[in-house]
Structure formats: C-alpha cells, structure tokens
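Overview (structure and organization)
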Number of protein chains: 2
Amino acid sequence: MVSIISVAKAAGVSNKTVSRVINGEPYVTEETRERVEKAIRDLGYIPNMAARLIRSSRSNTFGIITDYVSTTPYSVDIVRGIQDWANANGKTILMANTGGSSKREAEIWKMFQSHRIDGVLYVTMYRRTVDPQAGDVRIPTVMINCRPQTHELLPSIEPDDYQGAQDLTRYLLGRGHRKIGYIRLNPILLGAQLRLDAFRKTAAEFGLAESDLSIRLGMEGPVGAEKNYVFAVATEMLQQKDRPTAIMSGNDEMTIQIYIAAMALGLRIPEDVSIVGFDDFRTVSLALKPELTTAALPYYDLGLEGAELLNSVVTGNKVPSSRVMPCKLVERTSVRSV
Amino acid sequence: MVSIISVAKAAGVSNKTVSRVINGEPYVTEETRERVEKAIRDLGYIPNMAARLIRSSRSNTFGIITDYVSTTPYSVDIVRGIQDWANANGKTILMANTGGSSKREAEIWKMFQSHRIDGVLYVTMYRRTVDPQAGDVRIPTVMINCRPQTHELLPSIEPDDYQGAQDLTRYLLGRGHRKIGYIRLNPILLGAQLRLDAFRKTAAEFGLAESDLSIRLGMEGPVGAEKNYVFAVATEMLQQKDRPTAIMSGNDEMTIQIYIAAMALGLRIPEDVSIVGFDDFRTVSLALKPELTTAALPYYDLGLEGAELLNSVVTGNKVPSSRVMPCKLVERTSVRSV
DNA sequence: TTGTATGCGTTATCAG
DNA sequence: CTGATAACGCATACAA
C-alpha cells in the first residue's frame, strides 16, 4: 500500500511536507507543492483515514441509526438528504438499522463508538417518540422524524404534521366542502393524532359542527402487523345517505383503497367525491387517476437539515434546539369545488 | 479516550494480555481474563477500529454504492438484506449514493479506498447493465441487481425476471385465460425485455397466437422522468370488443392505474378482468382490493446473498460467478378461472 | 501463560 | 518554508 512516506521519497521531500500539501496547509512553495502533487498522482496515493483518525481523533464520519427501512419505503428520502449533505461536506456515512431490536441497537451504538464517529443521526421511519438505547455510549446525536420519550434532551427535527393537515383542511373548506370524512392513520403514530387534531380544530374554527365530520379509524395495531379497515370503512362512509363530499385520508397509501371503494360504488372522483391524501408518496399520488392532492412531507429536507444540525452540534457552533419543518400542499386534481 | 493501555494498567496486566482477552485468544488464565473483563466494563473501554485496521489491514467493512435510492422505494430491501448479513457477521456498512453522477461515483470509490474497505456491493435500483466508474481503485466488488456492461468480469447476482414472468404467464394460462393483455415496463430496464420475452414465449409454447396477445407499452423515457401511458393504454385495451380476460402488468405500481381504468369502465376485478402484477411491492399489492397476485422480486435475498458472495470473494474461499435468484409467485385474489 | 519491543500511516511539535 | 521525531491505539513477533 502506497503511503505518505513513499510519496515523500518520490517527491524528494519529508513526510510532513506531503502532509501539508494533502491538508492544504500554508507554508509550502508552489514549486514544492506541484512536485508533491505529481508524486501523489503518479503513485495513485490515497490517504488512509484510519491512520488519520488515530492521530486527530476526528473521523469525519456520521452514523445513521434507523429502525425499519424496508417496511416503509416512504422515508428513504431522509437518508438521501443526509447522504447528499455528507457528500457535499466531505463526510462519510456509516449506516445500520435496528429492525426494532433494542439489543441490536445497543450493539450498533458500540460499533459506532468503536469507529469513533463524530455524530449520530437517529432516524425513525414513522414520526414517533423513542428512547435511544445508547447505553454508556455518548455521541452527539440529532433525532430525525422522532423525539426522545423521556429525560434526555436531544435536539430533534420533525415534520409539521399539524400545519400540513391544517392546510389540507382549509383547502377543502375553501372549495366549499361542508361534509367531510376523515379516515384515520394508525393512532400509535405521532402524526396521526396531530393530523386529526388539526382537522378537527380547523373545521370547528370554520364553523362546522362535529356532526358534519365523519371520522373513522383506518388502521390500528403494531407497526408492520397492523389491521387495515380502510376499504370497509370507506365503503361504509360513502354509502351513507348524507355522505361526505370530500374524504381526507391519513396518508396516500390508504387513499388507494378509498379510490377503489368509491369506484366500486360507481362514484366518480372528483365529481362525486373529492379525496386528499397525506405524505405525497409519489409512487401512489401520481399513479392514481385523477392524481392526488396531498401534503408533501419534507423528508429530504429533514435529512439535509438534520445533518447540518448535527454538524453544528459536533463543531459546537450553535446551541441547537428542536425544529419542525413545514409540509407543502401539492395541488393536483382529486378535489373539485362544490 | 480509554485505550487498551489504561485497561492493562487497571487490570494490572500488560497490553498484550488485554489484547488476548479482547480477541478471544487462548493462553489466558480464567482468573486473569475475568480481571481484564472487569476492567473493561469498569472503564467502559471500546476498541478503536481505526487503530486495529492500521495494523491488520482488514477493515471488516463493506461499502454500498447505489445509484438512486429515493426515486425507487422498491429495492430498499436489498439494503436491508445486506445490513442484516453485516450485522450477523460483525461487519460494518459504509454507504454512499451517486445520484447518477459518475463524477460523484469516482469520488465515492476513492473515499471507500481511503477507508480501506474490504469490498464493495454495487447496487442498482433497477436491474440494468452498468459500468462502475472506479478509476484506478481496485476493490473486490459484487454487483447486485445489475451486471457490468463491458470487459470487466465482476461477479453479479440478479433476480430471475424471466422465470418470474414465465410462472405468472403459466398461472394465467392454467386458469383458462386465452386472451391476455400485457402492459410493458419501460424498455430501458433490463427486466422489461426479459419479462416480455418470457410472456411471449410461454404463451406461444402453450399454443396461443400472437393475435391472442395484446401487448402495449406502459412507460418510456429516462428513469425518474419517464412518460406514463398506463391509464390510457389500459383503458383502450379494456374497451376493445374482444378484450382480454386477463392483463399482465410490467410491475405492481402500474397496476394501480389498470385497476382504476377497469373500474372506471364499470368492470369488476377479477370477475370481468383478471390482473397480475410484478415485484410484490406490498405497499401496492396489499392495498389494492382485491389484493394483487404477483411475482415477488427476491430483493432481500439479493442483498443477503450478495453480501455473502462478496465475503467469499474477499476471503478468497470460492471462485464466485454470476448468479440469478428466483422470483416467487404470490397468489392472492386478483385472478379468477375462466 | 504472560510480557516487551516494534511498526502500521498519519498528524503534531518544535527545531532548523 | 521545511524536516526530524514523537505520538496515536493496537497487533505481531518474539522473548521470558
């Protein structure tokens, strides 16, 4: 393996001078610099991070801990945001997922520690409260899409589910809908409660009575093994004599079943019933016809900003606190004015 | 930072003895071992991988290079398979994605090299041929879901699209369907051609004429910016006087549009028309009602086996060659016998 | 069964 | 501006 010393020999300088060139330090003649750079190119020298770390105790590496990657294709964008930030800032990403096991999680923290990573991004695939199982390990951490359940005060960055649902509700109201159905997400998800609250409060502020709202549970049970009532519930809701003119769905995925339920009853979208989703999971929202009006969860930005936040924690630049990022309403064609 | 030497001092032994305990080497008294282990616990000592690597030049780390993670939620399972293997075998995973830029890819290879990783898993989100842009970097590599375009002969592991489509076609044929529609995937995807070939040949072997087959293009154009004709094509196909009794879809995602097209025409599934997908992208295949019969792409196993394969390349145990993994037919309720 | 000495590829110190 | 040398945390060879 070609090391800094071989380069030094080839360039006829000392190892320290090579080190200076590599790290862009001052006090090197332009001529020396060029000679060293040539030697580096010729020999195909690539610095050894491990050796660097052992001296400088800064690994320039962030770790990502996720819970379930596979079962939720939605939030992979968080990871992409992190990776883009890392790429733009010369950081390396170590990645591991717990699969929900806290034993495995403890091992991951140790593994991260053994690599002397600079910071951890703790990412959950659904927004929820969690308790990182770091054991004795102490590494600067930023939580993305989740927040600590108890004592420990870790900075976090989350989507603004409330504002997203509020925007969606106002949108429906603004288009004249006065009878609105709501099919709820799994209540164990933090976003579920916030979205429902926003829906209820916004409708009430607008003067709708609770009886104008038809609120039903679409899913429940543990993540990954939930019971799914969406199709049945949507069918019932749409068979009511005084059926809603619009249905708001807990998320885009559930909307597939609402579409199918409506169509099976011979109802057209949006002529007979308007539908809005949540998440902007494009695999679904663009595949549905008419395409789905929904609120986009800012997953990519969560990752990007989370990494940036972690970096400022690590370098001690700012005192970081918890943040919330807005959801953006994406207007397509699944809603009509009444 | 607590090092092996602090542990040695605390336990009243030499650094080498501590090293023996850590690495589970023989020739340590049970009593000494216990004393060392206690010191390790007390001090919260965690080995420094960087220091270990610098001596042993085996990083126990694999790198994953992906192209597009975000736009394709489908194949995240590959990554999960890799991570599970890594976890079970004490390896660490370094991850980076190119976003399609070969400049960035070259940087990633260098970054991997600078971390002295043992091997690279080159993963694409769609099955296709690619040319790794490794530059001068030489690291053992296994390709997952793709194969090298040119000269270089890298071991690869891919799903058996042909067999999957063959099984699906036989399934339809076995259920009495004799007029079958096929809506094609984007032709730039390797799987698209294979699936179509399998469909055509299997139907021909069974005695169907080309005129019994209604084959239409569902999508085309560059990945991430493709044109989507599925809804229109499905609608046309189902309006034909002599319409197919079953439609085979390029993938599950496209099936959403086929369902909606059928239902908008007042057709019931599967009574009036049977539908099969491909991929078993469960977000879709389980959300559709009736639930979708489809062929499951073995993504998780691709990751698991790919990592295993890479490991045998790295350790030089086997001479690895290219492999193909079967797709599994998942029977649900979207097909009826005619 | 245990310990000592040396070296891995860097960066840091300090002297030139 | 440049270089000699120490030091980082660990593993390896060899000695005891």
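Higher on the page you've got the structure.
Figured I'd write up the structure that's included with this text. These numbers were taken from a predicted model, which means no experiment stands behind them.

Focus: the sheet that holds strand 7 (residues 213-217) of chain A
Residues and elements named next belong to chain A. If you walk across this open sheet you meet the 4 strands as 7-6-10-11, and the pairing is parallel. Sheet topology places strand 7 and strand 11 (274-276) at the edges, where each strand pairs with a single neighbour. Within this sheet the neighbouring strands show an average axis-to-axis angle of 15 degrees, counted without direction. Strand direction decides the pairing type here: strand 10 (residues 246-249) and strand 11, joined by 3 bridges, are parallel. Within strand 11, the position partnered with M248 by the bridge is V276. In the packing of helix 9 (residues 230-239) onto the sheet, contacts are made with strand 6 (180-184), strand 7 and strand 10, and the angle to strand 6 comes to roughly 165 degrees.

Observations regarding the protein's contact with DNA strand D
Close to DNA strand D lie 24 residues; A:T17, A:T32, B:I4, B:K16 and B:Y45 are nearest. Measuring from a base nitrogen of DNA strand D, one finds a side-chain N or O atom of A:R55 at 3.0 Å. At the level of elements, helix 2 (15-22) and helix 4 (49-56) of chain A together with helix 2 (15-22) and helix 4 (49-56) of chain B are the ones that each hand at least two residues to the surface near DNA strand D. Along the lines of polarity and charge, the residues of the surface near DNA strand D split into 9 nonpolar, 9 polar and 6 charged.

Details of the pairing of strand 1 (residues 61-66) of chain A
Residues and elements named next belong to chain A. With 6 of 6 residues buried, strand 1 lies mostly within the body of the structure. Pairing of strand 1 with strand 2 (residues 92-97), which is carried by 6 bridges, proceeds in the parallel orientation. By the bridge assignment for strand 2, I65 is matched with A96. Across 5 bridges, the pairing between strand 1 and strand 3 (residues 119-130) is parallel. Residue pairing across strands places T66 opposite V123, the latter belonging to strand 3.

Procedures and definitions
- Within each chain, residues carry numbers counting from 1 in the order of the written sequence.
- To read the labels, note that chains go from A and ligands from 1, taken in the order they are written.
- Only residues with pLDDT of at least 70 are given local features in this predicted model, and only at 80 or more are side-chain atom pairs given and counted; all residues enter the totals for whole chains, interfaces and linings.
- With hydrogens and water stripped out, all remaining heavy atoms of the structure feed into the side-chain values.
- Paired strands, in this sense, are two strands between which DSSP finds at least two bridges.
- Each helix corresponds to a stretch of at least 4 residues labelled H or I by DSSP, and each strand to a stretch of at least 2 residues labelled E; elements are numbered beginning at the N terminus.
- Axis angles are defined between N-to-C directions and span 0 to 180 degrees, where every axis is a line fitted to C-alpha atoms and, for a helix, only to the segment in contact.
- Here, residues are in contact when the closest pair of their heavy atoms is within 4.5 Å.
- By convention in these notes, a residue is near a molecule or strand provided one of its non-hydrogen atoms lies within 4 Å of it.
- Nitrogen and oxygen atoms within 3.5 Å of one another constitute a polar contact, given that in protein one can donate a hydrogen and the other can accept it, and given that sequence-neighbouring residues count only through two side-chain atoms.
- Ten residues, namely Ala, Val, Leu, Ile, Met, Phe, Trp, Tyr, Cys and Pro, are considered nonpolar, four, namely Asp, Glu, Lys and Arg, are considered charged, and the remaining ones, Gly among them, are considered polar.
- Each residue is assigned to one of three classes by its accessible area relative to the maximum for its type, calculated with a 1.4 Å probe on protein chains only: buried under 20%, partly exposed between the two thresholds, exposed over 50%.

Shape is all these values report; function is a separate question.
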